[in-house]
Amino acid sequence: MSKIFKQSFDRSLDELVARAVPGQSFEAWTFDDTASRRAAESELKAKGVNARIRSAYKPLLLTFVEDIDLEGVTAIEVFYPVHQNAPANRFRLEAYPLAAMVGTARIEFIARADGAFHYDVVLKRGDAEEKMTVLAPNRVHTDVVGETNLSPTGWYRAEGDKAGERLETDYERLFEAAIGAVANHDWGTHEPYFEELNIRVSHPAGDLPLPVGDEVVSLREALHEDFYFSLLEFFQKKSGRPLGDRGLKPGQIVPEIVRSEGEISVAIETRALSTGFLDGKEQGIDKAAEPVAAAQIAKLLDDVGGEAFVAVSRSGRAVNARYIKGTDAAVMISGGQHPNETTGIVGAIRAALKLRQQNGAHFTISPLENPDGYALHQRLRVDNPRHMHHAARYTALGDDLEYRTEENSGQHLNEKAIRFKAQDLSGADVHVNLHGYPSHEWTRPLSGYVPRNFAMWTLPKGFFLVMRHHAGWTEQAEAMLDYVTSHLGAIPGILDYNNRQIALYEAHAGETGFRIINGFPCLSTIDDRHTVPLTLITEYPDETIYGDDFIIGHTAQMETVISAYDAWQIIRAKAIA
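Described in the following lines is the structure provided in the data block. Everything numeric in this text was worked out from a predicted model, so none of it was measured. (Residues numbered from 1 in each chain as written. Predicted model: local features only at pLDDT ≥ 70, side-chain atom pairs only at ≥ 80, totals over all residues. Heavy atoms only, no water.)

Regarding the overall build of the protein chain
If you tally the helices and strands in the protein chain, you get 13 helices and 25 strands. The C-alpha atoms of the protein chain give a radius of gyration of 25 Å, which matches the 25 Å a tight globule of 577 residues would have. Overall size of the protein chain, expressed as C-alpha extent along the three principal axes, is 85 × 60 × 40 Å. For the protein chain, the residues scored as buried account for 60% of the 577 residues in total. (Helix = DSSP H or I, 4+ residues; strand = E, 2+ residues; numbered from the N terminus. Rg over C-alpha atoms; globule rule 2.2 N^0.38 Å. Buried < 20%, exposed > 50% of the residue type's maximum accessible area, 1.4 Å probe, protein only.)

Shown next, in the form of structure tokens:
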């Protein structure tokens, strides 16, 4: 263990209270939850200070939640700014999921020609109109990798001052100091640079669940995302790779953002890799209401039977798989490449248990390809079960195993070997690779708000399918997408679920830009990078879902595998005939 940086920070709310002068009036915008801001206002009032402290994070949404009475409102117009240093829909995105929170009122988002940092809101009650301006403080700045961002920031505006000035908040100071400490550390020249880089932050903000799906306003979750991806980008640049490169192997980056009673602090250190699992109790697999224990996954693979084959992760954890040899056309089935996407792991196991009962069944099953990431997800869920935890997305080497090849892996083929073994054993031409994505909004507020290189995944948009196929395999790819989406569309409720999410997505992001096949958003591209000619990737909005929602999710994943398997038998039979 090596300590790199440790610092505590004065809370911005405390500073505002301490410096206020009786008789003063002001407005401020900080990164704090509603209860903390209201408590600070009460302290100020006791000092004879009239203050209103608003949220710097998602200010329009929080204004509607905290201040606006929608009684009798029939229509809402929101005029949002468009700024040259941000995507055109940035401020429309930042209002998400307001369109689903205004009851029967019709809401319209209208772009303004200027980039001034405020929304103009018109509320219509019968023939009456109420107009208001909602400030959305932002700053243009350059980040640690030299990119220009437009990011939310704190703000202070004294009574009579129309403009106000930037207030550098504790949230921003902590982030900048921590990123700077990592950037200024000597990491040497060879990947991986560490085993685990741990960033532990204590922050007092509570989460605010919203009455829309799995949506929540979480400053701590947003900070996790900003730390994780900002540090990935720093190491990408250090290694000479382009931003977004998924082959980078820096080591395991672990932001742990925990709630405190008032303390604001960060401690950064390197640690040895963990090697165990925080396994919970076993669950009936068909009704599993949360991610299952790793030990149970291993037992269920024994129930699948067939020929066992294995790979080993960086930490020494086993990547277990099975080969069921039969007379059908072979299909590879995998889950857990990104193990914070949890429904695919259960769905893969459930599908294998069903398929093994069929005469002629021929498939490989590797339900947990990234056990090191899964162990980290178990660990992080203990404190924040409703957070996305993208730090658990990649392997303990810090890379996306999809992008690890025999040529670029060096001494670290590790988990990826399981796929090469699966293809060698089965000779499969089809790989069904089960994934998920956030079930609620994904943001990076201190780095431009919209997650860089992941903008298409910032909002849920239903059960999404991706087909990657070799040149010359377009006909088979299209036939499989049509068959699978037709099968999935027969599952009660799933098309309504898709339609609701797509409508909300379009209200805040604009057109999806994706094809809709039998009610499912799909993306099909030629991609010769995969060694298997047809790769069907599922994207179920599952990060953070539990209970009945989790069961519905892994059932949809299971049904996708079974329908893709059946589709491939039909497609191959037609080709042979």
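Some thoughts on the sheet that holds strand S4 (residues 75-80)
Strand order across the open sheet formed by four strands is S5-S4-S6-S7, with mixed pairing between neighbours. Both edges of this open sheet fall to strand S5 (106-111) and strand S7 (128-135), since each of them pairs with a single strand only. Neighbouring strand axes in the sheet, compared pairwise and without regard to direction, differ in orientation by 15 degrees on average. Here S4 runs beside S5; their pairing, made up of six bridges, is parallel. Each bridged residue has a counterpart across the sheet, and for alanine 75 the counterpart in S5 is arginine 106. (Pairing = 2+ DSSP bridges. Axes fitted to C-alpha atoms, helices over the stretch in contact; angles between N-to-C directions.)

What about the sheet that holds strand S12 (residues 196-203)?
Neighbouring strands of a sheet are bound in pairs by backbone hydrogen bonds; such pairs are parallel or else antiparallel. Spatially, S1-S16-S12-S15 is the arrangement adopted by the four strands of the open sheet, whose pairing is mixed. At either end of the open sheet lies a strand with only one pairing partner, and these are strand S1 (2-8) and strand S15 (252-259). Mean inter-strand twist for the sheet, computed between neighbouring axes without regard to direction, equals 10 degrees. Two strands pair when backbone bridges link them, and S12 and S15 are joined in this way by eight bridges, in the parallel orientation. By the bridge assignment for S15, glutamate 196 is matched with glutamine 252. Sheet strands in contact with helix H9 (residues 371-381) are S12, S15 and strand S16 (265-271), and its direction is about 10 degrees off that of S15. (Contact = heavy atoms within 4.5 Å.)

Observations regarding the layout of surface pockets
What the largest pocket holds in volume is close to 610 Å³. Lining the largest pocket are 26 residues, with Gly213, Tyr497, Arg500, Gln501 and Asp549 positioned closest to its centre. Sorting the residues of the lining of the largest pocket by element identifies helix H12 (494-509), strand S25 (534-543) and helix H13 (547-576) as the ones contributing at least two each. Per-element tally for the lining of the largest pocket: the top contributor is H12, with six residues. For the lining of the largest pocket, the class distribution of residues is 16 nonpolar, five polar and five charged. Its boundaries defined by the atoms lining it, the second largest pocket holds a volume of some 380 Å³. Arg246, Arg393, Trp457, Arg468 and Glu539 are the residues nearest the centre of the second largest pocket, which is lined by 25 residues in total. The leading source of residues in the lining of the second largest pocket is strand S21 (residues 430-438), at five residues. Here the lining of the second largest pocket is composed, by residue class, of ten nonpolar, seven polar and eight charged. (1 Å grid on protein atoms, 1.4 Å probe; cavity = no way out; pocket = protein on both sides within 12 Å on 5 of 7 lines; lining within 4 Å. Points joined across faces, edges and corners; volume = space filled by probe spheres on them. Nonpolar A, V, L, I, M, F, W, Y, C, P; charged D, E, K, R; others polar.)

Some thoughts on the pairing of S4
Among the six residues that make up S4, five are buried, leaving the element largely enclosed by the rest of the structure. As paired elements, S4 and strand S6 (residues 118-125) share five bridges and run antiparallel to each other. Its bridge partner lying in S6, valine 78 is registered against valine 121.

A word on the pattern of salt bridges
Following the criterion strictly, the structure yields 50 salt bridges and no others. Among the salt bridges present, the one from aspartate 226 reaches arginine 444, with a minimum N-O distance of 3.2 Å. Within this pair, whereas aspartate 226 is found in helix H6 (residues 219-238), its partner arginine 444 is found in the loop between S21 and strand S22 (464-469), the two being separated by 218 residues in sequence. Residue aspartate 226 shares its accessibility class with arginine 444, and that shared class is buried. Between arginine 393 and glutamate 341 there is a salt bridge, with its nearest N and O atoms 3.3 Å apart. Placement of the pair is arginine 393 in the loop between H9 and helix H10 (417-426) and glutamate 341 in the loop between strand S19 (331-335) and helix H8 (343-355), with a sequence separation of 52 residues. Residue arginine 393 is classed as buried on the basis of its relative accessible area of 7%. (Salt bridge = Lys/Arg side-chain N within 4 Å of Asp/Glu carboxyl O.)

Focus on unusual backbone geometry
Omega for the bond connecting tyrosine 96 with proline 97 falls within 30 degrees of zero, at 0 degrees, which places this linkage in the cis form. Take proline 97: it is sitting in the loop between helix H4 (90-94) and S5. Along the chain, glutamate 191 connects to proline 192 via a cis peptide bond; the corresponding omega equals -10 degrees. Looking at the element boundaries, proline 192 is found in the loop between helix H5 (170-183) and S12. Although it is not a glycine, histidine 389 sits at a positive phi angle of roughly 55 degrees. Following the sequence through the fold, histidine 389 ends up in the loop between H9 and H10. By relative accessible area, histidine 389 is classed as buried at 4%.

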